[in-house]
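Letter by letter, the chains look like this.
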Amino acid sequence: MRIVITGGAGFIGSHLVDKLLSLDHQVIAIDNLITGKSENLNLHKNLTFIEQNVCDYIEIDGRVDWVLHFASPASPTDFTRLPIQILKVGSIGTINTLGLAKGKKAKYMLASTSEVYGDPLEHPQKETYVGNVNPNSERAVYDEAKRFSEAVTLAYHRFHHLDTRMIRIFNTFGPRMRPEDGRVISTFIYQSLMNKPITVNGDGTQTRSFQHVSDLVDGVLRLMDVEYHNPINLGNPNEYSILEIAKIIKKLTNSKSEIVFAPLPDADPKRRRPDITRAKEILKWEPKVSLEEGLLKMIEYYKSALQIKT
Ligand code: UDP
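Here the structure is a predicted model, which means the values were calculated and not measured. Every residue gets a number counted from 1 within its own chain, in the order that chain's sequence is written. The predicted nature of this model means local features are confined to residues of pLDDT at least 70 and side-chain atom pairs, given and counted, to a pLDDT of 80 or more, with totals for whole chains, interfaces and linings taken over all residues. The side-chain quantities take in all heavy atoms of the structure and omit both hydrogens and water.

Visitor: I'm lost on the nonpolar core in this one. Help?
Guide: Only buried residues count toward a nonpolar core, which is a set of Ala, Val, Leu, Ile, Met, Phe, Trp, Tyr and Cys residues joined through side-chain atoms within 4.5 Å. Working definition: with a 1.4 Å probe on protein chains only, accessible area under 20% of the residue-type maximum means buried, over 50% means exposed, and in between means partly exposed. With 53 residues, the main nonpolar core has Leu68, Phe70 and Ile185 as its most contacted residues. Listed in part, the 22 residues of the second largest apolar core include Ile30, Cys55, Leu154 and Leu162.

Following this line, the structure appears as structure tokens:
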């Protein structure tokens, strides 16, 4: 197939590109590199890279079978650094990519997020839960952009009969996350390897559930083969407090870092854990990589990226 992927040079996008190329597809990766990196993409005869903002009109010659819309800054530090870009890529970028799919009679997948649940009052979160989002919080730029992108994707499905799919991605980690990207796993591994203080926000009792990027990619591939138009949670249901995560990473890296406490960011969700019943039923999918196994792989990747010898 000939597949367009936006955010193709990003953390998740580039892993998807690799997988699709390994399956002999033709891939067109689009990225404006505001958070993605061209180094994440390896030269390949079946890969074309277009450096552009997907908020600008997207012109692709020839047939397209799939449009996968994975472009967006997604780290909470980006919410204050790149708020307008996030709102634009979730709204204008989603409309442009839907238009591309419609024009090419291609199938379409939206990468949505667990952030649509906001600071959830239901636990764990099922796809039917409608969320608890404060539209005026700093996080709202991402949460509301993704809520809009889901609404417009379903509108194209209902009104234009576009064959659309939507995934809600829960916390994901793995190689190619930028050490400075601000998210918790990348930050704690970087801090631990450099023996710098590990910065736990709040009292560290807030929880998250972390999936390895290879599990997520597997879920995406499965959904491409199943015609299902409602959102599907993709995440690992094993829930940890952030303080537990800090201790686990400190131990796995043999770090001398001390754990310090920092202020909790605006609207930081207290608990997050996916209910993956739907993914199990529809995709026959569940995560396979344990937290410790995934962390060990990522620690090795960071050691080599940061040229740390042990
Ligand atoms: N966090 C932390 N220290 C950091 C970065 C993040 O304690 O240096 C916390 C953050 O406040 C949140 C959790 O870790 O409670 C997960 O944060 P992340 O930025 O990875 O993503 P989120 O799930 O909040 O979107």
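Visitor: Teacher, can you tell me more about the packing of helix H5 (residues 184-193) against helix H7 (residues 242-252) here?
Guide: The geometry of a pair of packed helices is captured by two quantities: the angle between their axes and the separation between those axes. For helices, the fitted axis covers only the stretch in contact; all axes are lines through C-alpha atoms, and the angles between them, taken along N-to-C directions, range from 0 to 180 degrees. Runs of H or I in DSSP of at least four residues are treated as helices and runs of E of at least two as strands, each being numbered from the N terminus. Put simply, H5 and H7 touch, their axes get as near as 9 Å, and they point 40 degrees apart. Relative to H7, H5 is oriented oblique. Two packed elements cross with a definite hand, and for H5 against H7 that hand is right-handed. Residues Val184, Ile185, Phe188, Ile189 and Ser192 of H5 pack against Ile242, Ile245, Ala246, Ile249 and Lys250 of H7. Of the residues belonging to the contact of H5 with H7, the class tally is eight nonpolar, one polar and one charged. An angle below 35 degrees is treated as roughly parallel, one above 145 as roughly antiparallel, one from 65 to 115 as roughly perpendicular, and anything else as oblique. Take the far helix as your reference; a near helix turned counterclockwise from it by less than a right angle gives a left-handed crossing, and one turned clockwise gives a right-handed crossing. Throughout, a contact is declared for two residues whenever any of their heavy atoms are within 4.5 Å. Under the scheme applied, nonpolar residues are Ala, Val, Leu, Ile, Met, Phe, Trp, Tyr, Cys and Pro; charged residues are Asp, Glu, Lys and Arg; polar residues are all the others, including Gly.

Visitor: What should I look at first to understand the sheet that holds strand E5 (residues 107-113) in this one?
Guide: Strand pairing in a sheet relies on backbone hydrogen bonds, with the paired strands running either antiparallel or parallel. Spatial strand order, E3-E2-E1-E4-E5-E6-E11: seven strands in an open sheet with parallel pairing. The open sheet has two free edges, formed respectively by strand E3 (47-51) and strand E11 (231-234), since each of these has just one partner strand. For this sheet, the mean inter-axis angle between neighbouring strands, taken without regard to orientation, is 20 degrees. Pairing geometry for strand E6 (residues 164-169) and E11, over four bridges, is parallel. Residue pairing in the sheet places Arg168 in a bridge with Asn233 of E11. With respect to the sheet, helix H6 (residues 213-224) is in contact with strand E1 (2-6), strand E4 (66-69), E5, E6 and E11, its orientation differing from that of E6 by roughly 160 degrees. What makes two strands pair is DSSP finding at least two bridges between them.

Visitor: Looking at this structure, how should I read the site of the ligand?
Guide: Every one of the 18 residues lining the ligand counts as a neighbour, but Arg139, Thr199, Asn201, Arg208 and Asp268 are closest to it. In the model, an oxygen atom of the ligand is placed 2.9 Å from a nitrogen or oxygen of the Asn171 side chain. The contact in question runs from an oxygen atom of the ligand to an N or O atom on the side chain of Arg208, over 2.6 Å. Using a 1.4 Å probe, accessible areas were evaluated by the Shrake-Rupley method; residue-level cover was limited to the displayed protein chains. For the ligand, the accessible surface in isolation is 510 Å², of which the surrounding protein chains cover 94%. Of all elements in the fold, only H5 and strand E8 (198-201) reach the threshold of two or more residues within the shell around the ligand. When the residues that make up the shell around the ligand are grouped by side-chain class, the tally is six nonpolar, six polar and six charged. To be near a molecule or strand, a residue needs just one of its heavy atoms within 4 Å of it. Here a polar contact means two N or O atoms within 3.5 Å. Within protein one must be a hydrogen donor candidate and the other an acceptor candidate, and residues neighboring in sequence count only if both atoms are side-chain atoms.

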